[in-house]
Amino acid sequence: MSQILLSAKNITRRFGGLTAIDDVSIDLPLGAVHAVIGTNGAGKSTLVSILSGELAPNEGTIFMKQANITAWPQPRRARAGLGRSYQRTTIFPSLTVHENCRLAAQANHQKFWSWTASTHCKFSNEAADRALSLAGLEAHSGRIAGLLSHGGKRQLEIAMGLATHPTVLLLDEPLAGMGPEETERMLALLASLKSDLAILLVEHDMDAVFKISDIITVMVNGAVIAHGSPDIIRNDPQVQIAYLGEDE
Ligand SMILES: Nc1ncnc2c1ncn2[C@@H]1O[C@H](COP(=O)(O)OP(=O)(O)OP(=O)(O)O)[C@@H](O)[C@H]1O
């Protein structure tokens, strides 16, 4: 069994009278894509926000390897190797592709406010170069980020996440709005990255999820109704009825 890089145990989150996350446990192993799927409002984005540290759970515990990170704020988790992308693109459109990655690396570094001009900061330039290479964006390094295609912008977001040297990457709908070619490119990118990472993927594109994932967790109304390999999930009668539709 691969090493578990992030483990969340019995997470519950309420918004007033609504239980958005209901006693959910999830493990993210090194070298695997773990997808979380579910109908709208199932609690997927809330779960990602709890894991990344943007939202606190009402109950439950989160570990990164042996460290209990439940009370750690988001920046501390990011420095410990937890990266995330958002449902909507969050790039700086007027800066270059390289500058976006450099800033992501700097923002994650405790010594950001040093006397070195940011453009000459060796570690952030190297982190940006490495991230752009991993994400297949080297050729676009000098381009203005806002002029990239939609798929290119999402790819840049992944590169910005990689610039922080994560070990765990939380991806919230990275394929949203992509055409078939862009989707294929992104799936190939995730497949090429996963051996060094634990990836959590929240995604509505079921073809992509079943193609790329090693493990799938299915949520309905905040609770997990099924968990297992793509084959197990595909053949789970509860999943077919509750999520994929009885016809499928
Ligand atoms: N800040 C908030 N305040 C109150 N309710 C919230 C808040 N954030 C989420 N919710 C509610 O919690 C539930 C889960 O929302 P969440 O966005 O996590 O679902 P989701 O599975 O990501 O949905 P989608 O697939 O549509 O993005 C929904 O009923 C939502 O309205």
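Quantities reported herein were computed from a predicted structural model and do not represent experimental measurements.

## Quick notes on the overall build of the chain
Tallying secondary structure elements over the chain gives 9 helices and 10 strands in all. The globule rule puts the C-alpha radius of gyration for 248 residues at 18 Å, and the 18 Å found for the chain is close to it. Residue burial in the chain is summarised as follows: out of 248 residues, 41% are buried.

## A short note on the domain arrangement of the chain
Here the chain is partitioned into domain 1 (1-81 + 166-248) and domain 2 (93-165). Each of domain 1 and domain 2 has a C-alpha centre, and these two points are 25 Å apart. Contacts between the two partners involve 13 residues from domain 1, matched on the other side by 14 residues from domain 2. Considering each element in turn, the side of domain 1 that touches domain 2 owes the most residues, 5 residues, to helix H6 (residues 180-193).

## Details of the packing of helix H5 (residues 150-162) against H6
Contact geometry of H5 with H6 gives a least axis separation of 10 Å together with a crossing angle of 15°. Here H6 runs roughly parallel to H5, going by the angle between their axes. Taken as a pair, H5 and H6 cross one another with a handedness that is right-handed. Across the interface between the two elements, His150, Gly151, Arg154, Gln155 and Ile158 from H5 touch Glu182, Arg185, Met186 and Leu189 from H6. Here the residues of the contact of H5 with H6 sort into 3 nonpolar, 3 polar and 3 charged.

## Considering the sheet that holds strand S2 (residues 18-29)
Strand order in the open sheet made by the 4 strands is S2-S1-S4-S5, with antiparallel pairing throughout. Bordering the open sheet on either side are S2 and strand S5 (67-68), each of which pairs with just one other strand. With 2 bridges connecting them, strand S4 (residues 59-64) and S5 associate as antiparallel partners. Its bridge partner being in S5, Met64 is matched across the sheet by Ala67.

## Examining H5
The terminal C-alpha atoms of H5, which comprises 13 residues, lie 19 Å apart, in line with the 18 Å expected from a rise of 1.5 Å per residue. Turning to H5, its buried residues are Arg154, Gln155, Leu156, Glu157, Ile158, Ala159, Met160, Gly161 and Leu162.

## Overview of the pairing of S2
Bridge analysis of strand S1 (residues 4-15) against S2 gives 8 bridges, and the strand direction is antiparallel. Its bridge partner lying in S2, Ala8 is registered against Ile26. In sequence, S1 turns back onto S2 through a hairpin of 2 residues, with Gly16 there showing a positive phi of about 60°.

## With respect to H6
Because the α-helix completes a turn every 3.6 residues, residues three or four places apart line up on one side. An ideal rise of 1.5 Å per residue puts 20 Å on 14 residues; H6 measures up with 20 Å between its terminal C-alpha atoms. Within H6 the residues assigned to the buried category are Met186, Leu187 and Leu190. For H6, the arc enclosing every buried residue in end-on projection is 100°, short of the 170-degree limit, so these residues lie on one face. Along H6, the residues that are exposed and aim more than 90 degrees away from the buried face are Glu181, Ala188 and Ser192. Summarising the contacts, the buried residues of H6 are in contact with strand S3 (32-38), H5, strand S8 (198-202) and helix H7 (206-212).

## Examining the sheet that holds S8
In spatial order, the strands read S6-S7-S8-S3-S9-S10; together these 6 strands make up an open sheet with mixed pairing. Two strands close off the open sheet at either side, each with one partner strand: strand S6 (82-85) and strand S10 (223-228). Between one strand axis and the next, the sheet turns by 15° as a mean value, whatever way the strands run. Where S3 meets S8, 5 bridges bridge the pair, whose relative direction is parallel. Bridging from a neighbouring strand, Val33 pairs with Ile199 of S8.

Reading the values: rules and limits
- Residues numbered from 1 in each chain as written.
- Predicted model: local features only at pLDDT ≥ 70, side-chain atom pairs only at ≥ 80, totals over all residues.
- Helix = DSSP H or I, 4+ residues; strand = E, 2+ residues; numbered from the N terminus.
- Rg over C-alpha atoms; globule rule 2.2 N^0.38 Å.
- Buried ≥ 20, exposed ≤ 12 C-beta atoms within 10 Å, placed from the backbone.
- Domains from an automatic or database assignment.
- Contact = placed C-beta atoms within 7 Å.
- Axes fitted to C-alpha atoms, helices over the stretch in contact; angles between N-to-C directions.
- Parallel < 35°, antiparallel > 145°, perpendicular 65-115°, else oblique.
- Left-handed = near helix turned anticlockwise from the far one by under 90°.
- Nonpolar A, V, L, I, M, F, W, Y, C, P; charged D, E, K, R; others polar.
- Pairing = 2+ DSSP bridges.
- Expected span 1.5 Å × (residues − 1).
- Arc of directions from axis to C-beta.

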